[in-house]
Amino acid sequence: MSTLIEDNPAKHRFEILVDDALAGFTAYVPRGEVLVFTHTEVDRGFQGKGVGGTLMRGTLDEVRARGTKVVPQCSFMAAFIDKHPEYADLIADLP
């Protein structure tokens, strides 16, 4: 199973492709140097296979590489960061 995580700025979301099929996304609203994440969705056929966690890791790693921060309003992202404190430094207050 090959995965690719890409930012789709036109749709304001990071998407995960699994074997070239769109398997899920996490949507954001840009606020200056901060991305406010509002919703995460994984296609039913890919649930329970670690796709959501892979999407979170890839998204947060990309945010870190860009030097930006996140506001995890999405409960899935917030729970992921709670379970993976190595990403807690990426959390920002709303500007």
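> Would you take a moment to explain the overall build of the protein chain for this structure?
Counting its secondary structure elements, the protein chain contains two helices and five strands. Going residue by residue from the N terminus, the α and β elements of the protein chain occur as β-β-β-β-α-β-α. Relative to the compact-globule value of 12 Å for 95 residues, the protein chain shows a C-alpha radius of gyration of 12 Å, a close match. Projected onto the principal axes, the alpha-carbon positions of the protein chain cover approximately 35 × 30 × 20 Å. If you take every contact in the protein chain between residues at least 6 apart in sequence, the share linking residues at least 24 apart comes to 37%.

> Before we go on, may I ask you to explain the pairing of strand β1 (residues 3–8) in this structure?
Sheet faces and side chains relate simply in a regular strand, where the side chains alternate between the two faces. Summarising the sheet, β1 and strand β2 (residues 13–18) pair through six bridges and their orientation is antiparallel. When the sheet's bridge partners are listed, D7 is paired in β2 with F14.

> Teacher, can you tell me more about the side chain of T40 here?
Positionally, T40 belongs in strand β4 (residues 34–42). Given a relative accessible area of 14%, T40 falls into the buried group. Polar side-chain contacts of T40 include one of 2.8 Å to the side chain of T26. Contact partners of T40, with chain neighbours within four places excluded, come to F25, T26, L55, M56, C74 and F76.

> Please explain the nonpolar core as it appears in this structure.
Nonpolar side chains in soluble globular proteins generally cluster together in the buried interior. Counting 21 residues, the largest nonpolar core has F37, V51, L60, V70 and M77 as its most contacted members. Among the elements of the structure, β2, β3 (21–31), β4, α1 (51–66) and α2 (75–83) are those that each provide at least two residues to this core. With five residues, α1 is the largest single contributor of residues to this core. Those residues in contact with M77, other than ones at most four positions away along the chain, are T26, F37, M56, T59, L60 and P72.

> Where do I start with the sheet that holds β4 in this structure?
Strands in a sheet are paired, the pairing made by backbone hydrogen bonds, and the direction either parallel or antiparallel. In space, the five strands of this open sheet follow the order β1-β2-β3-β4-β5, with mixed pairing throughout. Two strands bound the open sheet, and with one partner strand each, they are β1 and β5 (69–72). Within the sheet, the average angular offset between the axes of one strand and its neighbour, ignoring direction, is 30°. In this structure, β2 lies alongside β3, joined through six bridges in antiparallel fashion. Opposite V18, over in β3, you have A21 as the bridge partner.

Calculation criteria
Residues numbered from 1 in each chain as written. Predicted model: local features only at pLDDT ≥ 70, side-chain atom pairs only at ≥ 80, totals over all residues. Heavy atoms only, no water. Helix = DSSP H or I, 4+ residues; strand = E, 2+ residues; numbered from the N terminus. Rg over C-alpha atoms; globule rule 2.2 N^0.38 Å. Contact = heavy atoms within 4.5 Å. Pairing = 2+ DSSP bridges. Buried < 20%, exposed > 50% of the residue type's maximum accessible area, 1.4 Å probe, protein only. Polar contact = N/O pair within 3.5 Å; in protein donor to acceptor, adjacent residues only side chain to side chain. Core = buried A, V, L, I, M, F, W, Y, C linked by side-chain atoms within 4.5 Å. Axes fitted to C-alpha atoms, helices over the stretch in contact; angles between N-to-C directions.

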